[in-house]
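Here is what each chain is made of, one letter per residue.
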Amino acid sequence: MHVEFDHLSVEKEGSIARITLDRTQRLNAFHYDAVRDLDAVSQLLASDQDLRLVTIEGAGRAFCTGIDLKDLSADEIDMGYHPPWERALRRFETMEPLVLCLIHGYALGGGLQLALSCDIRACTPDAKLGLPAINESIIPGLGTFRLPRYIGLGRAKRMVILGENVDGEEAERIGLVDHLVSADEMHEEFEELVDRYTRVNSQGARLSKQAMLTCFDQDFDAFLDRYLDLQTEAMTGEDFEEATSAYAEDREPEWS
């Protein structure tokens, strides 16, 4: 399956879907139409029962530079921009498939917000990441919700209030990204990571994602109840049966 939107494309092969942001003349910045595309593709993929893994990349020189500042300064973006944007990011964050992204060039503003909604972030050492919305005297979306959960409240406040950027190496050091890939061979190394996560992508892995979604938002008893429900689902699923059979037969499991 290959679907072309005006400002991005999605290609599905087997259980993997690949999204490419493609508004290269604006470093993949988002305006109204691009946000509508992202909202639509997130809805399409979230409803695909056969999907197991999603990747997000940016074409050209950057991953994504967030909201289109030219349109914003021309009063062509108002509050109507934000609901479909946040819907799309929440779908990536909560959909069953694992979501991986490859960051290069810039992941600024909404670009970093999009990356934060993914499960796993790979990044080149020289990439620039930040939430510089303070320069326009606006709030950097739900980056204010997600960023502290990855790097801690104090460091997140500093990045948001000062509008500071970090490079890929610093991002890995503070827990903002999960893997570094070389700038020269980023696509090849990212594919190795995709393969690595595909090999471990059992139902148990995907249900673990669901459990961790609420790890900061529930008290212990509520989280325990949620965990027990998810564990019951995991231990009555086909992948659990496959795992126990593979162990008994001394072979690698093959996930459904």
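Residues numbered from 1 in each chain as written. Predicted model: local features only at pLDDT ≥ 70, side-chain atom pairs only at ≥ 80, totals over all residues. Heavy atoms only, no water.

Student: Just to check I follow, could you spell out the sheet that holds strand 10 (residues 179-180) for this structure?
Tutor: Pairing between sheet strands relies on hydrogen bonds along the backbone, with the strands arranged either parallel or antiparallel. Strand order across the open sheet formed by 7 strands is 1-2-3-4-5-7-10, with mixed pairing between neighbours. Only two strands of the sheet have a single partner each, and these edge strands are strand 1 (2-4) and strand 10. As judged from the 2 bridges shared by strand 7 (residues 120-123) and strand 10, these two strands associate in the parallel manner. Bridge assignment links Cys 123 to a residue of strand 10, and that residue is Leu 180. Along the sheet face, helix 1 (residues 32-46) touches strand 2 (8-13), strand 3 (16-21) and strand 4 (53-58) and points at about 15 degrees away from the line of strand 2. (Pairing = 2+ DSSP bridges. Helix = DSSP H or I, 4+ residues; strand = E, 2+ residues; numbered from the N terminus. Contact = heavy atoms within 4.5 Å. Axes fitted to C-alpha atoms, helices over the stretch in contact; angles between N-to-C directions.)

Student: Looking at this model, I keep getting lost on the pattern of salt bridges. Mind explaining?
Tutor: Where side chains of opposite charge bring their charged atoms close, a pairing between them can arise. By the definition in use, this model includes 18 salt bridges. When the shortest N-O distance is used, the salt bridge between Arg 26 and Asp 68 registers 2.5 Å. With Arg 26 in the loop between strand 3 and helix 1 and Asp 68 in the loop between strand 4 and helix 2 (69-73), the pair connects residues that are 42 residues apart, well separated along the chain. The exposure class assigned to Arg 26 is partly exposed, which follows from its relative accessible area of 27%. Notably, a salt bridge pairs Arg 146 with Glu 93, separated by 2.9 Å at the nearest N-O pair. Of this pair, Arg 146 sits in helix 5 (residues 143-151) while Glu 93 sits in helix 3 (residues 82-94), and the two are 53 residues apart along the sequence. (Salt bridge = Lys/Arg side-chain N within 4 Å of Asp/Glu carboxyl O. Buried < 20%, exposed > 50% of the residue type's maximum accessible area, 1.4 Å probe, protein only.)

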